[in-house]
Amino acid sequence: MIRIGVCDDVPCFVETLAHFVMDWARKRKINVKLEKFKSGEEVLLNLETKGDFAAVFMDIELDGINGMETALKLRKADRFVSIVFVSGHEQYFKKLFQVYPFQFVEKPIAEQKIYEVMDKVAREQALYNESFYFQYKWVTFHINLKQVLYFASERRVVRILMEDGREHIFYEKLDELEERLAEYNHQFIRIHKSYLVNKRQIEQYRYKNIVMRNGDILAVSREKRDFIGKHHMELLAERC
């Protein structure tokens, strides 16, 4: 089951969105728990009491906490929630990059557009919950790849740095690990002979290093700098 939130202070827009989402769920045979809200405060309270959303459709102009502020708080609580802004005002578009990645749906709402958005949400949810396994001292471990910051290697010893501060260790050549990770949907990029990093966990791109979301600064090797620079430019182009 995936949890979807719909937030708008105009009831008819909430009902229209809810109808389109649930119609999509029936046709795709996907179990959806849909929650309706009329304010950002209600969304955030529901997040605290009932847990993470897969996606939230959010009007920008709301009484009280507006859609932008609500989205920023949602993103801080869960970096992987799909935020879909719904508005008839395109002048907000540039400001929305503060909560990238996001999607934008114009009012009046088109049913086909909601189907496209929900198809993407479903693909992202499958991506975000990929399980990676490894063995250490005859014990098999399974971890969620979305929670991995990066893999760091010293000779054949690989450390896994997790977003909650945990670390795991196993033995494998980083070249072999890179090949194995290429079979997954999560994208890990090789920035150095010793590092494979989760693309979605990068906070800042710099010429000689990158900053991860936990504050770790990792060196980018000289031969990888052009590749990382190109990768960064492609990422910026996707956001425009």
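Quick summary incoming for the structure in this document.

Criteria and cut-off values
- Residues numbered from 1 in each chain as written.
- Predicted model: local features only at pLDDT ≥ 70, side-chain atom pairs only at ≥ 80, totals over all residues.
- Heavy atoms only, no water.
- Buried < 20%, exposed > 50% of the residue type's maximum accessible area, 1.4 Å probe, protein only.
- Helix = DSSP H or I, 4+ residues; strand = E, 2+ residues; numbered from the N terminus.
- Arc of directions from axis to C-beta.
- Contact = heavy atoms within 4.5 Å.
- Polar contact = N/O pair within 3.5 Å; in protein donor to acceptor, adjacent residues only side chain to side chain.

What follows is about helix α2 (residues 40-50). Of all the residues in α2, the buried ones are Gly40, Val43, Leu44, Asn46 and Leu47. End-on, the buried residues of α2 take up no more than an arc of 160 degrees, which puts them together on one face. Seen from the open side of α2, the exposed residues pointing more than 90 degrees away from its buried face are Leu45, Glu48, Thr49 and Lys50. Looking one or two residues past α2, Gly51 carries a phi angle of roughly 100 degrees, positive in sign.

Attention shifts here to the environment of Lys38. If you trace the backbone, Lys38 turns up in the loop between β2 (32-37) and α2. On the accessibility criterion, Lys38 (55% relative accessible area) is exposed. Taking the C-alpha atoms as reference points, Lys38 and Leu62, 24 residues apart in sequence, are found 8.1 Å from one another. The contact partners of Lys38, leaving out residues within four places of it in the chain, are Cys7, Asp8, Asp9 and Leu62. A distance of 2.9 Å separates a polar atom in the side chain of Lys38 from a polar atom in the side chain of Glu42.

Here the focus is the side chain of Asp78. Here Asp78 is to be found in the loop between α3 (67-77) and β4 (82-87). Residue contacts for Asp78: discarding those within four places in its chain leaves Asp52 and Phe53.

By themselves, these observations are geometric and do not establish any function.
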